[in-house]
Amino acid sequence: MTTLLPTASATPAVEAVLERLRLWPGEHHIAVGLSGGVDSSLTAALLQAAGWQVEGLTLWLMSGKGACCAEGLVDAAALCESLGVPHHVVDFREHFQAQIVDFLVQGYQAGVTPLPCSRCNREVKFGPMLAWAEKELGCMQLATGHYARLRPAAAATAGRTQLLRGLDSHKDQSYFLYDLPQQVLARLVFPLGELNKTQTRQEAGRLGLRTATKAESQDLCLADHHGSMKAFLDAYLAPRQGQIVLADGTVVGSHDGIEHFTIGQRKGLGVAWSEPLHVVKLDGAMNQVVVAPRREAGRIACQVAAINWVSIAPPQAALQVEVQVRYRSAPELALLTPISDSTCQLQFLEEQFSITPGQAAVFYAGELLLGGGLIQRETAIQRETD
Ligand SMILES: Nc1ncnc2c1ncn2[C@@H]1O[C@H](COP(=O)(O)OP(=O)(O)OP(=O)(O)O)[C@@H](O)[C@H]1O
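Residues numbered from 1 in each chain as written. Predicted model: local features only at pLDDT ≥ 70, side-chain atom pairs only at ≥ 80, totals over all residues.

## Details of the nonpolar core
Now for step 1: Within the largest apolar cluster, 92 residues are counted, with the highest numbers of intra-cluster contacts made by Ile-30, Val-32, Leu-47, Leu-142, Leu-346 and Val-362.
Now for step 2: The element that contributes the greatest number of residues to this core is helix H2 (residues 38-49), accounting for 7 residues.
Now for step 3: Ignoring anything within four residues of it in the chain, the contact list for Leu-346 reads Ala-301, Cys-302, Val-304, Val-323, Ala-334, Leu-336 and Ala-361. (Core = buried A, V, L, I, M, F, W, Y, C linked by C-beta atoms within 7 Å. Buried ≥ 20, exposed ≤ 12 C-beta atoms within 10 Å, placed from the backbone. Helix = DSSP H or I, 4+ residues; strand = E, 2+ residues; numbered from the N terminus. Contact = placed C-beta atoms within 7 Å.)

Structural data, given as structure tokens:
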């Protein structure tokens, strides 16, 4: 076993993380999901430093899609070698294709904008990966390099494992974790939730991890070399020419695939009009992109289904929440009125321009992630401003 020789002492922030890990509930035998990036590398190193028995685990998700996956496998293997821990590589390509790639392509074809990351977390990383670790390694716990925080179940949390935003607001990934069930959350550890990215890189550098200065991966991990969604979809969908229309059917332009547009989009429409136009609807059946001037493009309400309540039990009465409708969008105030335990309507305080069917609406109370669900295609609710 090679022992890493730190060059100076850890910062107080890292010491606090190590202390929390030493006190964390569970057997302290843990699988660590390793992508080969700096975040998961440091996750493994911190757990080991806190005395946990670490098993490196890398899912092989895609073949023939660029060098990033291959590089990741090599970097993860090298990290495990330097830490002196086992490294397991599991072939999940078929599962990933069915659960994520096909789901994405079909969704875009139908005019919704699917959210691959939260689904990947639920259907790939934290479902099957956890099950594999339990069956093959006897590990009941799993750690990843996500920037989010967990509060273990206790009387003060009404017996629920609660999910909180990562302290680093730029890196906070709680939005993508809203769909994890309680029995999964109870088995997870996110050591980086209390750190910011700079601290992560500093500590990785201090420990001599080879990934300390590795470039950040891009938002989309599916395409060649982490390319754009357009490049990814173009590889799967043939161009399908169609019309760009106003709500009254007036044709204002043409497109080569509705999947290249997103709700709220204003730039790059290729339409010359007397005033700026926003995309308000992607109509899969008609193969049309529907646009509207800004005064008609906002929505004040939407319905959300398939809700997963995380930090609180399903509410029985209306409550005020902060809602994020995109990973990078600012939280917006809304009144959440439950329709059932898994559906609700959201009435926003101010008009919204990027409410997108298929994306997640995630509800927060400050740093606490209350729950979230999928924005529905049509709303039965009338705009109050009409
Ligand atoms: N192929 C994989 N196999 C196992 N675990 C993975 C894999 N891809 C990602 N993960 C886990 O999920 C976490 C978040 O994934 P994401 O793609 O957001 O990576 P990231 O933020 O770029 O982190 P990293 O620096 O570790 O690559 C990673 O830190 C890692 O723990």
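## Focus on the domain arrangement of the protein chain
Now for step 1: Assigned domains of the protein chain: these are domain 1 (12-226), domain 2 (238-296) and domain 3 (298-375).
Now for step 2: Here the side of domain 1 that touches domain 2 is built from residues that sort into 2 nonpolar, 3 polar and no charged. (Domains from an automatic or database assignment. Nonpolar A, V, L, I, M, F, W, Y, C, P; charged D, E, K, R; others polar.)

## Observations concerning the packing of helix H4 (residues 93-110) against helix H5 (residues 116-125)
Now for step 1: Taken N-terminus to C-terminus, the directions of H4 and H5 make an angle of 155°; their axes are 10 Å apart at the nearest point. Taken together, H4 and H5 sit at an angle that is classed as roughly antiparallel. Crossing of H4 against H5: the hand is right-handed. Residues His-95, Phe-96, Gln-99, Ile-100, Phe-103 and Leu-104 of H4 pack against Pro-116, Arg-119, Cys-120, Glu-123 and Val-124 of H5.
Now for step 2: Here the residues of the contact of H4 with H5 sort into 7 nonpolar, 2 polar and 2 charged. (Axes fitted to C-alpha atoms, helices over the stretch in contact; angles between N-to-C directions. Parallel < 35°, antiparallel > 145°, perpendicular 65-115°, else oblique. Left-handed = near helix turned anticlockwise from the far one by under 90°.)

## A short note on the UniProt feature "binding site: ATP" (unreviewed entry) in the protein chain
Now for step 1: Under the present numbering, the feature "binding site: ATP" (unreviewed entry) in UniProt falls on Gly-33, Leu-34, Ser-35, Gly-36, Gly-37, Val-38, Asp-39, Ser-40, Leu-59 and Gly-145.
Now for step 2: Along the chain, the position of Leu-34 falls in the loop between strand S1 (29-33) and H2.
Now for step 3: You can call Leu-34 buried: it has 32 C-beta atoms within 10 Å.
Now for step 4: With sequence-adjacent residues up to four places away left out, Leu-34 is seen in contact with Ser-40, Ala-44, Gly-56, Leu-57, Thr-58, Ala-76 and Leu-79.
Now for step 5: Gly-145 sits in the buried class, given 24 other C-beta atoms within 10 Å.
Now for step 6: Residues within four places of Gly-145 in sequence aside, it is in contact with Gly-37, Asp-39, Ser-40, Leu-42, Thr-43 and Leu-192. (UniProt positions renumbered as here; feature names shortened; annotations may be inferred.)

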